[in-house]
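# Examination of the molecular architecture
The primary structure of each chain is shown beneath.
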Amino acid sequence: LVVKSMIAFIVAMGVCVLHTLIVTLMASDAFPVISGFPLYLVGSYYDLAILLSTAVLFSLCVLNLAGVEGKIKHSLWAFNVLAMLIIGAIGFRAVEIVLGVFALSLFVYLISVSRHHGESWLKKSYSTIFVLLVSLVLIISGSSLSGFLANMLKVNALDVRPSMGTTLQIIKTQWSHN
């Protein structure tokens, strides 16, 4: 039941990934119908990155701990690749760091469990190594790789928030006028 729930969540996030790819890659004068769609189904690009990272974490657990095979395994791999591509284009460092730390923790866990049971740890942990390496490359490259991916996918992920000083200054000004 838990694995099926995780897979259902991953499928929902897969719809978000496909929607984001279709809208960003095909929104042009050639496809006027698509250009009218909203850019993302959930909140902002940062919200999408958070949800996709959660789905990637779930898919790592399902791939490495539930022992799925066949079409589900290949679908989860494809989802991980596309989700990491979109997460890289968004460039939300906190998400990249959390994914890297989780992938490293899961990788160490898989090695310790496999050695305890005398199994080959490398066969099980390809997806974890992939997410770990992509996270490390995204973190180390800074905004250069994220900027390239954002330009390639036409993602403009800006999150503008007021600072505490500006907010207090506006409150002070308004308070003095009233």
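Described below are features of the structure shown in this document.

Rules and cut-offs
Residues numbered from 1 in each chain as written. Predicted model: local features only at pLDDT ≥ 70, side-chain atom pairs only at ≥ 80, totals over all residues. Heavy atoms only, no water. Helix = DSSP H or I, 4+ residues; strand = E, 2+ residues; numbered from the N terminus. Buried < 20%, exposed > 50% of the residue type's maximum accessible area, 1.4 Å probe, protein only. Salt bridge = Lys/Arg side-chain N within 4 Å of Asp/Glu carboxyl O.

### Some remarks on the environment of Leu18
In this fold, Leu18 is placed in helix 1 (residues 2-26). Exposure remark for Leu18: the relative accessible area of 48% places this residue in the partly exposed category. With 64 residues separating them along the chain, Leu18 and Leu82 place their C-alpha atoms 8.7 Å apart.

### Some details on the pattern of salt bridges
Summed over all chains, the structure comprises 1 salt bridge. Salt-bridge contacts for Arg93 lead to Glu96; the nearest nitrogen and oxygen are separated by 2.3 Å. Placement of the pair is Arg93 and Glu96 together in helix 4 (residues 93-117), with a separation of 3 residues, close to one helical turn. When its relative accessible area of 26% is taken as the criterion, Arg93 is described as partly exposed.

### So, the environment of Leu57
Within the secondary structure, Leu57 sits in helix 2 (residues 45-66). The class for Leu57 is buried, based on a relative accessible area of 17%. Between the alpha carbons of Leu57 and Val98 there is a distance of 9.6 Å; along the sequence they are 41 residues apart.

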